[in-house]
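Observations on the model geometry
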Amino acid sequence: MNKNFPYSKYSFDNQDLLSGLTASEYNILTNNKEIRHFKAGTQIFKEGTEPKGLYRVLSGKVKKYTATSFGTEHIFYICGENEYLGYHAILSKEEYPDSAIALFDCEVEFIPKNDFLNVVSTSHVLSQSLLKNLSHEFGVFLNATKILARFSVRERTAINLLILQRKFSVKEGLSEIEMNRDDLANMVGTAKESLVRMLKDFKEEKLISTKGRIIVIEDLEGLVKASNYK
């Protein structure tokens, strides 16, 4: 795995959000939990609606996005297995600032809002964990914004492929990204036609290959170079 690209700056690290709780606290938190299944393309929660609870992705992938004034999506993050989502709106007592949709068929753990807030109010460990994760995620969002502001379409495409290869890698050395071109274009922040041209260039440079909608990373070091990340 490439050591030069700062993956941690572009990925949440909240898998251990609930670690360190006492048995009593964990029981309160999970006593009413549900396992929910979402088909690919199904909405998990919607921007502008009241938060209902905390979600953890057990299997599959979830895209987080905001709606643009042009009626398109700006995808700013892909949640992988064991990542939590939905707690920002609960803590701020505001409506969801974004939407979440299952990118593939997903199995998701749901913890009701009141159970989550009850433990937050009594657990110093959970409060500290939330503070740490919210601070880290603020940095991740800032870095995502910088990508749009400071890098060309070619560089943004390379950077987003590097971010996604971590999410989709099944094992060391295997980097296959399964994502439709519309979603990838929305994540890169460009038109689909521009994205397709960039992918064609990367194929000619032997940085990637494709199998239908699957993008295979063939030259990780070359992709880091193409990203012009410094």
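In case you missed it, the structure is sitting above this.
Report on the accompanying structure. The structure displayed is predicted, hence computed values, not measured ones.

**Remarks on the nonpolar core**
In this structure, Leu161 and Leu184 are the most contacted members of the largest nonpolar core, which totals 35 residues. Per element, the largest residue contribution to this core is 7 residues, and it comes from helix α5 (residues 153–168). What Leu184 contacts, discounting residues up to four positions off in sequence, is Leu161, Leu164, Met179, Leu195, Leu199 and Ile215. Within the second largest apolar cluster, 19 residues are counted, among which are Phe76, Cys79, Tyr96 and Phe110.

**Remarks on a nonpolar patch on the surface**
A contiguous nonpolar surface patch, about 180 Å² in accessible area, is contributed by Leu91, Leu117 and Leu134. Inspection of the secondary structure assignment puts Leu91 in helix α2 (residues 87–92). The partly exposed category is assigned to Leu91, whose relative accessible area is 30%.

**Structural notes on the pairing of strand β11 (residues 214–217)**
Here β11 shows no split at all, with Ile214 and Val216 on one side and Ile215 and Ile217 on the other all buried. Direction of pairing for strand β9 (residues 176–178) relative to β11: antiparallel, over a ladder of 3 bridges. When the sheet's bridge partners are listed, Glu176 is paired in β11 with Val216. With 4 bridges connecting them, strand β10 (residues 208–211) and β11 associate as antiparallel partners. Each bridged residue has a counterpart across the sheet, and for Thr210 the counterpart in β11 is Ile215. As consecutive antiparallel partners, β10 and β11 are separated by 2 residues, and within that stretch Gly212 has a phi angle of approximately 70°, a positive value.

**Considerations on unusual backbone geometry**
Unusually for a residue other than glycine, Lys93 sits at a positive phi of about 60°. By the element assignment, Lys93 lies in the loop between α2 and β7 (99–102). The phi angle at Lys206 is positive, at roughly 60°, despite the residue not being glycine. Structurally, Lys206 is set in the loop between α7 (192–204) and β10.

**Concerning the side chain of Asn14**
Among the structural elements, Asn14 can be located in the segment before α1 (23–30). Overall, the relative accessible area of 0% leaves Asn14 in the buried class. Ignoring sequence-local partners within four residues, the contact set of Asn14 consists of Asn82, Glu83, Tyr84, Tyr87, Asn133 and Glu137.

**Overview of the sheet that holds strand β6 (residues 84–85)**
If you walk across this open sheet you meet the 4 strands as β1-β8-β3-β6, and the pairing is antiparallel. Both edges of this open sheet fall to β1 (34–38) and β6, since each of them pairs with a single strand only. As paired elements, β1 and strand β8 (residues 106–112) share 5 bridges and run antiparallel to each other. Across the sheet, the residue bridging to Arg36 is Val108, located in β8. The sheet contacts of helix α3 (residues 113–122) involve β3 (53–59) and β8, and relative to β8 the element is tilted by about 60°.

**Description of the packing of aromatic side chains**
Inspection of the entire model under this criterion finds 7 aromatic pairs. Between Phe12 and Phe141, the aromatic rings sit 5.5 Å apart at their centres with planes inclined by 80°, giving edge-to-face as the arrangement. Taken together, the residues span a long stretch of sequence, with Phe12 in the segment before α1 and Phe141 in helix α4 (residues 124–150) at a distance of 129 residues. Centre to centre, the rings of Tyr55 and Phe110 are 5.2 Å apart; their planes meet at 55°, and the pair counts as tilted. Separated by 55 residues along the polypeptide, Tyr55 in strand β3 and Phe110 in strand β8 bring together distant segments of the chain. Pair check on accessibility: Tyr55 and Phe110 agree, each one buried. Here the aromatic residues Phe12, Phe76, Tyr77 and Phe141 are joined through ring pairs into a cluster of three or more.

**Points about the sheet that holds β10**
Sheets are built from strands that pair by backbone hydrogen bonding, the pairs being arranged parallel or antiparallel. If you walk across this open sheet you meet the 3 strands as β9-β11-β10, and the pairing is antiparallel. With partners counted over all chains shown, the strands left at the sheet margins are β9 and β10, one partner each. Along the sheet, successive strands turn relative to each other by an average axial angle of 25°, direction set aside. Along the sheet face, α5 touches β9, β10 and β11 and points at about 95° away from the line of β9.

The rules behind the values
Residues numbered from 1 in each chain as written. Predicted model: local features only at pLDDT ≥ 70, side-chain atom pairs only at ≥ 80, totals over all residues. Heavy atoms only, no water. Core = buried A, V, L, I, M, F, W, Y, C linked by side-chain atoms within 4.5 Å. Buried < 20%, exposed > 50% of the residue type's maximum accessible area, 1.4 Å probe, protein only. Helix = DSSP H or I, 4+ residues; strand = E, 2+ residues; numbered from the N terminus. Contact = heavy atoms within 4.5 Å. Patch = residues over 30% accessible without salt bridge, like charges linked within 9 Å, V, L, I, M, F, W, Y side chains within 5 Å. Areas by Shrake-Rupley, 256 points an atom, 1.4 Å probe, with all protein chains shown as cover. Salt bridge = Lys/Arg side-chain N within 4 Å of Asp/Glu carboxyl O. Pairing = 2+ DSSP bridges. Axes fitted to C-alpha atoms, helices over the stretch in contact; angles between N-to-C directions. Phe/Tyr/Trp six-rings, centres within 6.5 Å; stacked < 30°, edge-to-face > 60°.

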